[in-house]
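# A look at the structure
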Amino acid sequence: MKHTKIKDLLAGSNLLQEVVAKGWVRTFRNNQFIALNDGSTIHNIQCVLELDAFPEETIKRITTGAAISVKGTLVESQGKGQKYEIQANTLEILGDSDAEKYPIQPKKHSLEFLRENAHLRIRTNMFGAIMRVRSTLSYAVHKYFQDNGFFYVNTPIITGSDAEGAGEMFQVTSLPLDGSAPKNEDGSINYKEDFFGKHTNLTVSGQLEGEAYAMALGSIYTFGPTFRAENSNTSRHLAEFWMIEPEVAFNNLDDNMDLAEDFIKFVIKYTVEKCEDDLLQLEARLIDEEKSKPQADRSEMTLMEKLKFVMENNFKRVSYTEAIDILKGSKPNKNKKFQYLIEEWGADLQSEHERFLVEKHFKCPVILFDYPADIKSFYMRLNDDGKTVRAMDILFPGIGEIVGGSQREERYDVLVEKMQALNIPEEELWWYLDTRKFGSAVHSGFGLGFERLVLFVTGMTNIRDVIPFPRTPQNAEF
Ligand code: 4AD
Ligand code: MG
């Protein structure tokens, strides 16, 4: 007999019928009540064993973590806490789990401990909820773009160029690492002998290739893994993260801001509707956690209130120059949480500056635009003032930068001049420059760090907890 997902059983669709459920035992009480979970929902189904109806041998093997198959009748539950349960008549142990050795005990584990057991942490309520929310958010991303006339483009993982010009790339090579690689006369490695006949890296962004596609298909998006060898061991950085990068021909920066705001609101709304049970569970965890904090540090809004706030309020749009004036006019608060004094125009904003603007000053998501050219990437459209570029960053409460984007420099001469000034070799990006030679036009796009979005929606605080197997400095265990 085919088994039914616990989510469907709990919806009561097979009431009074013979059903089969398969899953992993969460708890087993009084030799009689099994709480069974199969990952389809945060909720367990209770399987009730008639006393003495099962051999002692089987009963002993019903332990936390064991995989079992239960057959029985789905009935309305007399007990509290669940509407339906299975009155079991057949039980099969599919895979034993040594209760003494199974790391995921039915108790509260620390997030650090769970990170060390990333292969098993998904069997907890918290991680089940996070990963279901992540999956729904991914679907919402595709739904938004597909419903709005965007085409999904798969940009390469292995590239010959550094899209961000930040030099934070993982190198890819097929040459031997034992020193026997072919060398040039000066002793440097001869990459002409490498697999691709040149030096290659893992991509830091699919933007440049995405631009080429936008200049043909009109509206495109990418959604794939990107890699950065930046040595920032923070709760917001991963060495391997997923980025969503839409790119739209004929969009200017204002259109780009409208798109980003509309897109973010849609994916959050969609996920709140589809994942209510999971989000309520994550919210309950946060409310519990807040209780242990001093009153002053407690959050003013619950998770659901925060999500609703973002969906229903306009993001505040402020130029970099205005933001600097606000920061200059602000005073550090007493407990020195925000040391946000900024020296002068032209400085890059630190995360504490961003958090001050979002969390203390505006108290809502903020879109900062028109940044100094010197602190932004080469491809951004230079403004007429000659010193700022049409860049935008979206800053979120508790997260900081969640989106980075811009209107692109569409003028061939200006772009070439900029690349020369930054020593970016033209022969590396000849194909990119071609898009400015043949039918160039105004276009814009942005990149949204998917894990930062998942952080915001789940209310988690460490990015290592919202991706299945995180890669960070000194850590690629799984
Ligand atoms: O601001 P970034 O570097 O922008 C770009 O890569 C552009 N090429 C995007 C574009 O215009 N198409 O990165 C974009 C976003 C950041 O705002 C942040 O959310 C996320 O990617 N991000 C990271 N997320 C996790 N770990 C890291 N190390 C990240 N670096 C950037
Ligand atoms: Mg950025």
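Quick notes on the rules
- Residues numbered from 1 in each chain as written.
- Chains lettered and ligands numbered in written order.
- Predicted model: local features only at pLDDT ≥ 70, side-chain atom pairs only at ≥ 80, totals over all residues.
- Heavy atoms only, no water.
- Helix = DSSP H or I, 4+ residues; strand = E, 2+ residues; numbered from the N terminus.
- Buried < 20%, exposed > 50% of the residue type's maximum accessible area, 1.4 Å probe, protein only.
- Contact = heavy atoms within 4.5 Å.
- Areas by Shrake-Rupley, 256 points an atom, 1.4 Å probe, with all protein chains shown as cover.
- Lys, Arg positive; Asp, Glu negative; His and termini not counted.
- Charge placed at Lys NZ, Arg CZ, Asp CG, Glu CD.
- Near = heavy atom within 4 Å.
- Polar contact = N/O pair within 3.5 Å; in protein donor to acceptor, adjacent residues only side chain to side chain.
- Nonpolar A, V, L, I, M, F, W, Y, C, P; charged D, E, K, R; others polar.
- Pairing = 2+ DSSP bridges.
- Axes fitted to C-alpha atoms, helices over the stretch in contact; angles between N-to-C directions.
- Parallel < 35°, antiparallel > 145°, perpendicular 65-115°, else oblique.
- Left-handed = near helix turned anticlockwise from the far one by under 90°.
- Salt bridge = Lys/Arg side-chain N within 4 Å of Asp/Glu carboxyl O.
- pLDDT = per-residue confidence, 0-100.
- Core = buried A, V, L, I, M, F, W, Y, C linked by side-chain atoms within 4.5 Å.

## Let's talk about the overall build of the protein chain
- When you go through the protein chain residue by residue, the secondary structure sums to 13 helices and 16 strands.
- In terms of overall dimensions, the protein chain has a C-alpha envelope of 85 × 60 × 45 Å along the principal axes.
- Burial status across the protein chain gives 49% buried among its 478 residues.
- Sequence separation of 24 or more characterises 67% of the internal contacts of the protein chain that already satisfy a separation of 6 or more.
- Summing over all exposed atoms, the protein chain offers an accessible surface of approximately 23,900 Å²; the carbon and sulfur share of this is 49%.
- The positive charge centre, built from 56 side chains, and the negative charge centre, built from 72, are 6 Å apart in the protein chain.

## Section: the site of ligand 1
- For ligand 1, the set of nearby residues contains 24 residues, the closest of which are Glu164, Gln207, Arg228, Glu245 and Glu401.
- One of the backbone N or O atoms of Phe446 is found 3.4 Å from a nitrogen atom in ligand 1.
- Residue Gly449 places a main-chain N or O atom 3.2 Å away from an oxygen atom belonging to ligand 1.
- Burial of ligand 1 by the protein amounts to 94% of the accessible area it has alone, namely 630 Å².
- Looking at the shell around ligand 1, the elements with two or more residues in it are strand E11 (240-249), strand E15 (400-407) and strand E16 (443-449).
- The leading source of residues in the shell around ligand 1 is E15, at 5 residues.
- Looking at the shell around ligand 1 residue by residue, the class counts come to 8 nonpolar, 8 polar and 8 charged.

## Considerations on the sheet that holds strand E12 (residues 316-319)
- Pairing is mixed in the open sheet, where 8 strands are placed in the order E6-E10-E11-E16-E15-E14-E13-E12. Of all the strands in the sheet, just strand E6 (151-152) and E12 have a single pairing partner and so form its edges.
- Here E12 pairs with strand E13 (residues 366-372) via 4 bridges, running parallel. Counterpart to Val318 in the pairing with E13 is Leu368.

## Section: the packing of helix H6 (residues 253-274) against helix H13 (residues 450-458)
- Running from N to C, H6 and H13 cross one another at 50 degrees; their axes reach a closest spacing of 11 Å. Of the possible angle classes, the one that applies to H6 and H13 is oblique. Considering the relative orientation of H6 and H13, their crossing is right-handed. Side by side, H6 and H13 meet where Val267, Ile268 and Thr271 of the first sit next to Leu453, Phe456 and Val457 of the second.
- Counted by class, the contact of H6 with H13 contains 5 nonpolar, 1 polar and no charged residues.

## So, the side chain of Glu283
- Tracing the sequence through the fold places Glu283 in helix H7 (residues 276-291).
- Of the side chains with opposite charge, Lys306 comes closest to the buried, unpaired Glu283, at an N-O distance of 9.3 Å.
- With residues near it in sequence (within four places) discarded, Glu283 still touches Thr302, Leu303, Met304 and Glu305.

## A look at the sheet that holds strand E9 (residues 200-202)
- Taking strand neighbours across the sheet as the criterion, the 3 strands line up as E7-E9-E8 in an open arrangement whose pairing is antiparallel. Looking at the sheet topology across the chains shown, the edges are occupied by strand E7 (158-159) and strand E8 (171-172).
- In this structure, E7 lies alongside E9, joined through 2 bridges in antiparallel fashion. Paired with Ile158 across the strands is Leu202, a residue of E9.

## Observations concerning the confidence of the model for the protein chain
- In this model, the protein chain carries an average pLDDT of 94, and 97% of its residues clear a pLDDT of 70 or more.
- ipTM for the predicted complex: 0.99, alongside a pTM of 0.96.

## Description of the pattern of salt bridges
- Enumeration over the complete set of coordinates arrives at 26 salt bridges.
- The partner of Glu273 in a salt bridge is Lys269, and the shortest N-O contact between them spans 3.5 Å. Placement of both Glu273 and Lys269 in helix H6 is noted, with a separation of 4 residues, approximately one turn of the helix.
- Looking at Glu273, the relative accessible area reads 53%, which means it is exposed.
- One salt bridge in this structure joins Lys437 and Asp434, with 3.7 Å as the shortest N-O distance. You can see Lys437 and its partner Asp434 sitting in helix H12 (residues 430-437), 3 residues apart, about one turn around the helix.
- Its relative accessible area of 46% is what places Lys437 among the partly exposed residues.
- Connected through shared salt-bridge partners, Glu211, Glu247, Arg408 and Arg436 make up one network.

## Digging into the environment of Asn30
- Here Asn30 shows up in the loop between strand E1 (18-29) and strand E2 (33-37).
- Classification of Asn30 as exposed rests on a relative accessible area of 58%.
- Each C-alpha atom, one on Asn30 and one on Lys183, is 71 Å from the other, the two residues being 153 residues apart in sequence.

## Considering the nonpolar core
- Core analysis: the biggest nonpolar cluster contains 64 residues, and Phe263 and Leu279 have the highest contact counts within it.
- Here this core gets 11 residues from one element, more than from any other, and that element is helix H4 (residues 125-147).
- Sequence-distant contacts of Leu279, defined by excluding residues within four places in its chain, comprise Val133, Thr271, Val272, Leu303, Met304, Leu307 and Val457.
- If you look at the next biggest cluster of nonpolar residues, it comprises 30 residues, including Ile324, Val358, Leu395 and Met419.

## Looking at the packing of helix H9 (residues 320-329) against helix H10 (residues 351-362)
- H10 packs onto H9 with a crossing angle of 80 degrees between their chain directions and a minimal axis gap of 11 Å. Between H9 and H10, the angle is such that the two are roughly perpendicular. Here Ala323, Ile326 and Leu327 of H9 lie close against H10, whose contacting residues are His353, Phe356, Leu357, His361 and Phe362.
- Of the residues that constitute the contact of H9 with H10, the class distribution is 6 nonpolar, 2 polar and no charged.

## Focus on the environment of Glu354
- Turning to its location among the elements, Glu354 is positioned in helix H10.
- The buried category is assigned to Glu354, whose relative accessible area is 9%.
- When the C-alpha positions of Glu354 and Pro397 are compared, they lie 8.9 Å apart, and in sequence the two are 43 residues distant.
- The contact partners of Glu354, leaving out residues within four places of it in the chain, are Leu349, Leu395, Gly400 and Glu401.

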